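Okay, here's what each chain looks like letter by letter:
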Amino acid sequence: MFSTAPLFSMRVIPMRAKIGLAFLVSVCAQPMLANQPMVPFNGPTALGTVFQQVGVGLAMGFAVRIVFASVELAGEIVGLQMGLNFASFFDPTSNAQISAVARFFGQIAMLLFVVINGHLLIIMAVVESFQSFPVDGNILDALGQMKLYKLGTSLFSSALWIALPMMALLLFVNLTMGVISRVAPQMNIYAVGFPVTLTVGLLGITATLPMLEQPVLTLMQQAIDLFSNHR
């Protein structure tokens, strides 16, 4: 989990620090975990248990990463409407080209993640995951109970809901510029339209950015519930 979850998987954090933090969380969580099955080190189920716990940790980090992917996808849509998608650069965290607006939305989501104590929620979900997915070595059963595909379906719907106000605003601006181009054909709509669209887009981002908190909280809670609400 510490190698895939946002904030914990940053390259500026040394690998020794991640291993030490994982060991500290394991030691602190051990008194809270009662009635866990005993797995011998030299038994046939030891290897399966390792794969199961690694799979659960990777899935947990992937689920939280989807929350940030939803916000970044919303930024990509807004940047496309504003005409700023050409301002893209290489993102080392995703190993892909990402636009400036999507990167800005991702940084805001990271700040919200820290403000709402998302890093503590993930650690709590790690402890609760041992109750939802006991140490029995059945990785296929654990992955089947997580139902990560449900969170994947929320990726596009949540991104569209986040970008919907900006899409409506910029659509109105484009329609207005289209009417102006028909009324005054001598006007260079390309020279006028881009600054207007860019200015309105920046003002719209400023106005709608405070509304980003609730979708991020909802997606984060949905991701945490995948690992804590199983019987």
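First, a word on scope: everything that follows refers to the structure included in this document. These figures come from a predicted structure and were not determined experimentally.

**A word on the packing of helix α2 (residues 45-82) against helix α6 (residues 148-183)**
Between two packed helices, the angle of one axis relative to the other and the distance separating the axes together describe the packing. In contact at an axis separation of 8 Å, α2 and α6 are set at 20° when each is read in the N-to-C sense. One way to sum up the angle between α2 and α6 is to call them roughly parallel. With respect to the hand of their crossing, α2 and α6 are arranged in right-handed fashion. Residues that form the contact of α2 with α6 fall into these classes: 22 nonpolar, 5 polar and no charged.

**Quick look at the environment of Met 38**
The topology assignment puts Met 38 in the loop between α1 (15-29) and α2. We classify Met 38 as exposed; its relative accessible area is 78%. Between the C-alpha atom of Met 38 and that of Ile 122, which follows or precedes it by 84 residues, the distance is 25 Å.

**Quick look at unusual backbone geometry**
Here the phi dihedral of Asn 117 falls at roughly 60°; this positive angle occurs in a residue that is not glycine. Locating Asn 117 in the fold gives a position in the loop between α3 (100-115) and α4 (118-132).

**Digging into the layout of surface pockets**
In this model, the largest pocket occupies a volume close to 1,300 Å³. For the largest pocket, the lining is made up of 33 residues, of which Ala 22, Ser 26, Gln 53, Val 54 and Phe 130 are closest to its centre. Of all the elements in the fold, those that place two or more residues in the lining of the largest pocket are α1, α2 and α4. Top element by residues in the lining of the largest pocket is α2. It accounts for 9 residues. Among the residues making up the lining of the largest pocket, the classes are represented as 24 nonpolar, 8 polar and 1 charged.

**Regarding a nonpolar patch on the surface**
A grouping of Leu 47, Val 50, Phe 51, Val 54 and Leu 58 is seen on the molecular surface, where their side chains present a nonpolar patch of about 480 Å² in accessible area. Considering the arrangement of structural elements, one finds Leu 47 in helix α2.

What counts and what doesn't
- Residues numbered from 1 in each chain as written.
- Predicted model: local features only at pLDDT ≥ 70, side-chain atom pairs only at ≥ 80, totals over all residues.
- Heavy atoms only, no water.
- Axes fitted to C-alpha atoms, helices over the stretch in contact; angles between N-to-C directions.
- Helix = DSSP H or I, 4+ residues; strand = E, 2+ residues; numbered from the N terminus.
- Parallel < 35°, antiparallel > 145°, perpendicular 65-115°, else oblique.
- Left-handed = near helix turned anticlockwise from the far one by under 90°.
- Nonpolar A, V, L, I, M, F, W, Y, C, P; charged D, E, K, R; others polar.
- Buried < 20%, exposed > 50% of the residue type's maximum accessible area, 1.4 Å probe, protein only.
- 1 Å grid on protein atoms, 1.4 Å probe; cavity = no way out; pocket = protein on both sides within 12 Å on 5 of 7 lines; lining within 4 Å.
- Points joined across faces, edges and corners; volume = space filled by probe spheres on them.
- Patch = residues over 30% accessible without salt bridge, like charges linked within 9 Å, V, L, I, M, F, W, Y side chains within 5 Å.
- Areas by Shrake-Rupley, 256 points an atom, 1.4 Å probe, with all protein chains shown as cover.
- Salt bridge = Lys/Arg side-chain N within 4 Å of Asp/Glu carboxyl O.

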